[in-house]
Amino acid sequence: MRTIIRRAVAAAVLAGTLAVTVGGAFAESTADEIAKYREALQDGNPAELWEARGEEMWKAPRGPSHVSFARCDLGLGPGVVKGAYAQLPRYFPDASRVMDLETRLVWCMVNQQGYSEADATKTKFGNGSAHRSDLEALAAYVTAQSRGVKMNVALDEPHVRDMYRLGEKMFYYRGGTHDFACATCHGDDGKRIRLQDLPNLTKVEGAQKAYTTWPAYRVSQGELRTFQWRLNDCFRQQRFPELAFGSDASIALTAYLAGRANGAAYDGPAIKR
Amino acid sequence: MGIIGRLVAGAALVAIAGGVLHGCATAPADTEVSDRAAAMMKSSFKSRGQATLARLDQDETQRLCSEYAGRALPASIATKIEQANLATIQYPADGKLVGDWKSGEKIAQSGQGFQYSDDPNKPAGANCYACHQLSPKELSYGTIGPSLYHFGKLHGYSDATRKYAWQKIYNAEAFAACSNMPRFGHHHILTEQQIRDVVALLVDPASPVNQ
């Protein structure tokens, strides 16, 4: 544990240096530099701090009911985390709903640990050390247990299949003051905003590379961010209203992108700019 | 509705469904999925600050461009979109289309505006550099749109070029149906004076874009 933290702190320092150097550089060399740093950071991604905190939380009795996540079924049986994320989102008959990881964690917190919905989602996204997010830490721990496992979202399951199709429609849905859809920025190869490379999510390879590297430690924010956060902040920049945490639309779009990533080995939590 | 009426309606539904399904017996019709997706979004997003739920209401251009996204846009639909958008373009009462390129450069650099996290009382930017190369001094530019370096120099410093720049910024859908470029005038993202200034950045011979 101590080694993990020391390595993570060293990585955070390196990462800080990266954040400063990216600004004025050329795009090509920026991408190269980021690739180099990623390599250097591979053994010391600060995401490990979130994973360690999440593991403690997963195993400890929590909430008004003082129960751990040992009874929380992420789809592979109560308490089973190994490989679970690679099959999410999935349909959960006990909730009569397709759920992604974060939504399922909240469901367990509410239905098993006795939290109110409001308490369970109070710090859905962390904001520095003052407002650390339990959900981000738990997501980091659970997703890390799928590292190397091939994405396998059950697209032949009717509920999941339906969400996938709705998510696909959302991906191409243009609206707002700027006419933006997800596809506006993520529908073509080799594009970038300013110097930031954009994945082409309409291609399987693009979706695989992007989806399998969330959650990620975001160097520029000093925070570990989940896929719910990623979608939420994309829509903010799209000039849309706010995507509600754990909403059906957030799960549909996740089902679409996760489903398109099927077959690729999950590789998170990763580290990103 | 009488029995015959219902039978006819039923037959028509079957015919429509048959035409859309392409032999896949379980897939719901495409428009039905689109309608449900739109309804789902309405209940999954919430108004925040200036970004209200009304932003999810599509106009005809947005609706058609969403419907045909990811596949070839039929020429007849493209023409329809372009003509409808060309008709929306308004010109300054005084006929002056070109402003100050220095102010235009600032507008091109700014990505502020219309996000729920933005202050609605501050002027919005056009964020041109997010997608286009313009002044060669700015190395941090995006590539979603074409390079506009030497725009005036290449197109010629003519009235026609100035008018085209105004129209394109005002409503890009008038020239390229389902363009990725926001309709800065049509959606009132930029003021009339701001559009003039961005036009100047493109067409003023003294602008860094044309050096």
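The structure presented is a predicted model; accordingly, all values stated were derived computationally and were not measured.

## Things to note about the overall build of chain A
Helices and strands together make up the secondary structure of chain A, namely 11 helices and 8 strands. Residue pairs in contact within chain A that sit at least 24 positions apart in sequence constitute 68% of those at least 6 positions apart.

## With respect to the overall build of chain B
Helix and strand counts for chain B come out as 8 helices and 1 strand. For chain B, the sequential pattern of α-helices and β-strands runs α-α-β-α-α-α-α-α-α. Relative to its 211 residues, chain B shows a buried fraction of 36%.

## Some remarks on the interface of chain A and chain B
Of the residues lining the interface, 36 residues belong to chain A; the matching set on chain B comes to 40 residues. Of all the elements in the fold, those that place two or more residues in the side of chain A that touches chain B are helix 7 (158–171), helix 8 (182–186), strand 3 (192–193), helix 10 (227–237), strand 7 (242–243) and helix 11 (248–260) of chain A. Looking at the side of chain A that touches chain B residue by residue, the classes come out as 16 nonpolar, 9 polar and 11 charged. Here 2 bridges tie strand 7 of chain A to strand 1 (residues 45–46) of chain B, and the two strands are oriented antiparallel to one another. Note on strand 1 of chain B: the bridge partner recorded for leucine 243 of chain A is phenylalanine 45 of chain B.

## Looking at the environment of arginine 273 of chain A
All names here are of chain A. In this structure, arginine 273 sits in the segment after strand 8 (270–272). Accessibility expressed as a C-beta count within 10 Å gives 18 for arginine 273, which makes it partly exposed. Note: C-alpha distance between arginine 273 and arginine 218 (55 residues apart in sequence) is 5.7 Å.

## Details of the packing of helix 7 of chain A against helix 11 of chain A
Residues and elements named next belong to chain A. Across the interface, helix 7 lies against helix 11 with an axial gap of 7 Å and an inter-helix angle of 95 degrees. Between helix 7 and helix 11, the angle falls in the class roughly perpendicular. Between helix 7, through Val160, Met163, Tyr164, Leu166, Gly167, Glu168, Met170 and Phe171, and helix 11, the contact on the second element is made entirely by Ala249, Ile251, Ala252, Leu253, Ala255, Tyr256 and Gly259. A per-class count over the contact of helix 7 with helix 11 returns 12 nonpolar, 2 polar and 1 charged.

## Side note on the sheet that holds strand 6 (residues 223–225) of chain A
Residues and elements named next belong to chain A. Strands sit in the order 6-5-8 across an open sheet of 3 strands; the sheet is mixed. Single-partner strands in this sheet number two, and they are strand 6 and strand 8. Geometrically, the sheet is characterised by an average inter-axis angle of 35 degrees between neighbouring strands, direction not taken into account. Two elements, strand 5 (residues 216–218) and strand 8, share 3 bridges in a ladder whose sense is parallel. By the bridge assignment for strand 8, arginine 218 is matched with lysine 272.

## Things to note about unusual backbone geometry
Omega for the peptide link from tryptophan 214 of chain A to proline 215 of chain A comes to -5 degrees, which places this bond in the cis form. Positionally, proline 215 of chain A belongs in the loop between helix 9 (204–211) and strand 5. One non-glycine residue, serine 96 of chain A, lies in positive phi territory at about 50 degrees. By the element assignment, serine 96 of chain A lies in the loop between strand 1 (90–92) and strand 2 (97–99). Of note in this structure, asparagine 127 of chain B is not a glycine but carries a positive phi near 55 degrees. Locating asparagine 127 of chain B in the fold gives a position in the loop between helix 5 (101–109) and helix 6 (151–155).

## Overview of the nonpolar core
Soluble globular proteins tend to pack their nonpolar side chains together in the buried interior. If you look at the biggest cluster of nonpolar residues, it comprises 80 residues, and the most contacted ones within it are Val142, Met170, Ala252 and Ala255 of chain A. Apart from the residues lying within four places of it in its own chain, the contact partners of valine 142 of chain A are Leu74, Val81, Ala84, Tyr85 and Leu101 of chain A. Phe114, Phe184, Val198 and Val203 of chain B belong to the second-largest nonpolar core, a separate cluster that totals 28 residues.

## Side note on helix 3 (residues 60–67) of chain B
Every buried residue belonging to helix 3 of chain B is among Thr61, Gln62, Leu64, Cys65 and Ser66 of chain B, and all of these are buried. Residues of helix 3 of chain B that are buried in the fold lie against helix 4 (75–86) of chain B.

## Remarks on the packing of helix 3 (residues 47–59) of chain A against helix 6 (residues 134–144) of chain A
Residues and elements named next belong to chain A. As a packed pair, helix 3 and helix 6 sit with axes 7 Å apart at the nearest point and diverge in direction by 95 degrees. It follows from the interaxial angle that helix 3 and helix 6 lie roughly perpendicular. Note on element contacts: helix 6 touches helix 3 through Asp134, Glu136, Ala137, Leu138, Ala140, Tyr141 and Ala144, opposite Ala47, Trp50, Glu51, Arg53, Gly54, Glu55, Met57 and Trp58. Across the contact of helix 3 with helix 6, the residue classes tally to 9 nonpolar, 1 polar and 5 charged.

## Thoughts on the confidence of the model for chain B
Residue and element names in this part refer to chain B. Averaged over every residue, the pLDDT of chain B is 90; residues scoring 70 or more account for 87%. Confidence drops under pLDDT 50 across residues 1–25; counting only partners more than four residues distant or on other chains, this segment forms 6 contacts. For this predicted complex, the interface score ipTM comes out at 0.87, while the overall pTM is 0.88.

What counts, and at which threshold
Residues numbered from 1 in each chain as written. Chains lettered and ligands numbered in written order. Predicted model: local features only at pLDDT ≥ 70, side-chain atom pairs only at ≥ 80, totals over all residues. Helix = DSSP H or I, 4+ residues; strand = E, 2+ residues; numbered from the N terminus. Contact = placed C-beta atoms within 7 Å. Buried ≥ 20, exposed ≤ 12 C-beta atoms within 10 Å, placed from the backbone. Nonpolar A, V, L, I, M, F, W, Y, C, P; charged D, E, K, R; others polar. Pairing = 2+ DSSP bridges. Axes fitted to C-alpha atoms, helices over the stretch in contact; angles between N-to-C directions. Parallel < 35°, antiparallel > 145°, perpendicular 65-115°, else oblique. Core = buried A, V, L, I, M, F, W, Y, C linked by C-beta atoms within 7 Å. pLDDT = per-residue confidence, 0-100.

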